[in-house]
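# Coordinates in review
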Protein chains: 2
Amino acid sequence: MSVDRARVDEAAVRIAPFVHRTPVLRSHALDHWVDAHVFVKAEHLQRVGAFKYRGATNAVQSLTESGARRGVAAHSSGNHGAALALAADARGVPAYVVMPKTASTAKRAAVRRYGAEVTLCDDSLDARRAVLAEVLDRTGAVEIHPFDDERVIAGAGTAALELTQEVPDLDVVVTPIGGGGLCSGTCVAVAPIRVIGGTPRDRASTVADGLRTGCSARTKAILDEHDVEQIVVDEADIVGAMRVVWERTKQVIEPSAAVAFAAAHAAKLDGARVGVICSGGNVDLDALPWSSATSRQLRRSARG
Amino acid sequence: MSVDRARVDEAAVRIAPFVHRTPVLRSHALDHWVDAHVFVKAEHLQRVGAFKYRGATNAVQSLTESGARRGVAAHSSGNHGAALALAADARGVPAYVVMPKTASTAKRAAVRRYGAEVTLCDDSLDARRAVLAEVLDRTGAVEIHPFDDERVIAGAGTAALELTQEVPDLDVVVTPIGGGGLCSGTCVAVAPIRVIGGTPRDRASTVADGLRTGCSARTKAILDEHDVEQIVVDEADIVGAMRVVWERTKQVIEPSAAVAFAAAHAAKLDGARVGVICSGGNVDLDALPWSSATSRQLRRSARG
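Throughout this document, residue positions are counted from 1 along each chain, in the order its sequence is written. Lettering for chains starts from A, numbering for ligands starts from 1, and both go in the order in which the items are written. A pLDDT threshold of at least 70 governs which residues receive local features in this predicted model, and a stricter bar of 80 or more applies before side-chain atom pairs are shown or counted, although totals over entire chains, interfaces and linings include all residues. Think of the side-chain values as coming from all heavy atoms in the structure, minus any hydrogens and water.

## Some words on the packing of helix α9 (residues 181-190) of chain A against helix α10 (residues 217-225) of chain A
All names here are of chain A.
- Close contact between α9 and α10 brings their axes to 9 Å; oriented N to C, the two are set at 40°. As the angle between them shows, α9 and α10 are arranged oblique. Every pair of crossing elements has a handedness; the one defined by α9 and α10 is left-handed. Facing α9, whose interface residues are Gly-181, Cys-183, Ser-184, Cys-187 and Val-188, α10 presents Thr-219, Ile-222 and Leu-223.
- Following the grouping adopted for this structure description, the nonpolar residues are Ala, Val, Leu, Ile, Met, Phe, Trp, Tyr, Cys and Pro, the charged ones are Asp, Glu, Lys and Arg, and the polar ones are all others, Gly among them. Looking at side-chain class alone, the contact of α9 with α10 contains five nonpolar, three polar and no charged residues. Orientation is described by lines fitted to C-alpha atoms, with helices fitted over the stretch in contact, and by angles between N-to-C directions that extend from 0 to 180 degrees. For the purposes of this entry, the term helix denotes a DSSP run of H or I that reaches at least four residues, the term strand denotes a run of E that reaches at least two, and both are numbered from the N terminus. Angles are sorted into four bins: roughly parallel if under 35 degrees, roughly antiparallel if over 145, roughly perpendicular if 65 to 115, and oblique for all others. If you view the pair so one helix is near and one far, a crossing is left-handed when the near helix is turned anticlockwise from the far one by less than a right angle, and right-handed when it is turned clockwise. Whether two residues are in contact is decided by their heavy atoms: any pair within 4.5 Å suffices.

The structure is reproduced here in structure tokens:
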């Protein structure tokens, strides 16, 4: 069973009682900068500040009573952990989140505030997987992957579904691509509308911390099937787009969301009607990418 | 002729073709922080990023054809200059803005982008007044004061008028107070609803740069007549409130707007229905008040 439009429609009904139906924002200044008519699906205003809450909620609410009872688990340094914690809380089941010790205090506090048990580990994929395996073993919880999961992909697609319900005549929809969950869900939801995915040139060290991963076979297959056009953007373009959005639309968006705006800007869409899935707004206000200390760190990281 | 409700109603009709009817924002996290039901009138999403565009537009559109022809002028280091420039542009008349040399490049560029002629001067009130007098003399333009003007006060009141149209059963409305234009216009618009004005403890050196001024006899008389309760807030409370709004609502607001949120928080409104006029969102992203360099500067400034 693969992800099709019917599963996105089902997900939309399933999660409706739990998620915000986020607004679609317009801005003259943004239209001018992109040189197109831009419709921003404001998932930075979603609960937990990211579209991730849609997929986590769809997965958690899809579990059977007995399947859900022992809780859900994931490793995450970011939005998926917070989303899963709140989704589990909404169903009244436990959540276990494995986080690297390097995750900021603010991010750990957010996951704990939503009621999850946090287990810290070293910051390598191997360490995260090993500690998560222990947690699953100890608790009997169900693992919910941040993107390599059909329920999560279908849930992610509901943002674009709402956007096309509100703005039916879009020419193109632009999303960021990290693991490909948001972009593949969007493809399924809006087909046959053209989809563009923005992706950072260097995924390992990008400022767009939510995109420091690659597609799975599952998400890659969906992107290929829908002929998604990938646009590669540089770090300076990501930071520049983020700053344009903050200054001109007064919206706090995170670097991963800025990747979609940077891609829309680079795509030369020339007067088209463009939907942008603004994926999230969780950003460390003490380390903004245009502060000089952060810029130095990014340059070092890019060289290293 | 003083400012009464009829003049606010007239202003609302006069400026409607030019201004955004800004949304009213809600946030669970903000409700929790203020411990009340908070309705945010989002004037940071107004044109030029501030409520000031309402008053400037009402003043410029109130001028006779012959009165408007030679243009309008003001001295301003901030939002009033940009608002007047765009309001004049909308009527197709010249604008002359006197700005201190210390105004940021971004602010000067914004005023010029809206088509005004900018004259730089030294950063003292005497220097500003002297240079503005020369400009008025040379051009024959009409001076539009940023707050000590009945048309500007009536225009400012239209934000609260729209808020009460959308949320008719408010218990209290909170605004910042600098020159008192926004707060006095709000009083007139929403009477007999209770109005609270937040004001920084040290107006001369506050981080809330839009409030570094005092009321005029005209605005003070209106505030007194309506028994406005003034709540004094400290610098740390302003910065803290600004950060709460950025982090939890993902909205970029300026320190002057944060003064209203800080006052609402301090007022212990205990479950009331509270309107907050979020006055603007123009902030220098290179000098945020929680960055260490800016904090040092503020501490120095507070000592000096």
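## Topic: unusual backbone geometry
- In this chain, Ala-191 of chain A is followed by Pro-192 of chain A through a cis amide linkage whose omega measures 10°.
- Along the chain, Pro-192 of chain A turns up in the loop between α9 and β8 (194-200).
- Within the chain, Asp-227 of chain B stands out as a residue other than glycine whose phi angle is a positive 50°.
- Here Asp-227 of chain B shows up in the loop between α10 (217-225) and β9 (229-233).
- For every residue, the accessible area obtained with a 1.4 Å probe (protein chains only) is divided by the maximum for its type, and the residue is called buried under 20%, exposed over 50%, and partly exposed between those limits. Of the residues examined, Asp-227 of chain B reaches a relative accessible area of 65% and is grouped as exposed.
- If you check the backbone angles, Lys-268 of chain B has positive phi at about 50° while not being a glycine.
- Its place among the elements puts Lys-268 of chain B in the loop between α12 (255-266) and β10 (273-278).

## Looking at the domain arrangement of chain A
Residues and elements named next belong to chain A.
- Domain boundaries shown here were taken from an automatic or database domain assignment. In terms of domain boundaries, chain A breaks down into domain 1 (5-51 + 149-303) and domain 2 (53-143).
- Just the C-alpha atoms count here: the centres of domain 1 and domain 2 sit 23 Å apart.
- At the interface, 25 residues of domain 1 touch 16 residues of domain 2.
- We define buried area as the total accessible area lost by two parts upon association, computed with a 1.4 Å probe and summed across both. Summed over both partners, the interface of domain 1 with domain 2 buries about 1700 Å², with 56% contributed by carbon and sulfur atoms.
- Any carboxyl oxygen of Asp or Glu within 4 Å of a side-chain nitrogen of Lys or Arg constitutes a salt bridge here. Scanning the region where domain 1 abuts domain 2 turns up three salt bridges.

## Details of the packing of aromatic side chains
- In this scheme Phe, Tyr and Trp rings, the latter by its six-membered ring, pair at centre separations within 6.5 Å, and the angle between planes marks the pair as stacked below 30 degrees, edge-to-face above 60, and tilted otherwise. Tallied over the entire structure, the rule returns three aromatic pairs over all chains.
- Taking 5.1 Å as the distance between ring centres and 85° as the angle between the ring planes, the aromatic pair formed by Trp-246 of chain A and Trp-290 of chain A counts as edge-to-face. One end of the pair, Trp-246 of chain A, is in helix α11 (residues 235-249); the other, Trp-290 of chain A, is in the loop between β10 (273-278) and α13 (292-303), with 44 residues separating them in the sequence. Like Trp-290 of chain A, Trp-246 of chain A is buried.
- Summarising the aromatic geometry, the rings of Trp-246 of chain A and Trp-246 of chain B are spaced 5.6 Å apart at their centres and angled 75° between planes, so their arrangement reads as edge-to-face. With Trp-246 of chain A in helix α11 and Trp-246 of chain B in helix α11 (residues 235-249), the pair connects residues from two separate chains. The pair formed by Trp-246 of chain A and Trp-246 of chain B is uniform in burial state, with each residue classed as buried.

## Some details on the state of the cysteines
Residue and element names in this part refer to chain B.
- Criterion for a disulfide: a pair of cysteine sulfur atoms at a distance within 2.5 Å. As enumerated under the stated definition, the model contains zero disulfides over all chains in all.
- Its sulfur unpaired, Cys-187 is 4.6 Å from the next cysteine sulfur, which belongs to Cys-183.
- Owing to a relative accessible area of 2%, Cys-187 belongs among the buried residues under this scheme.
- The structure places no disulfide on Cys-278, whose sulfur is separated from the nearest cysteine sulfur, that of Cys-183, by 15 Å.

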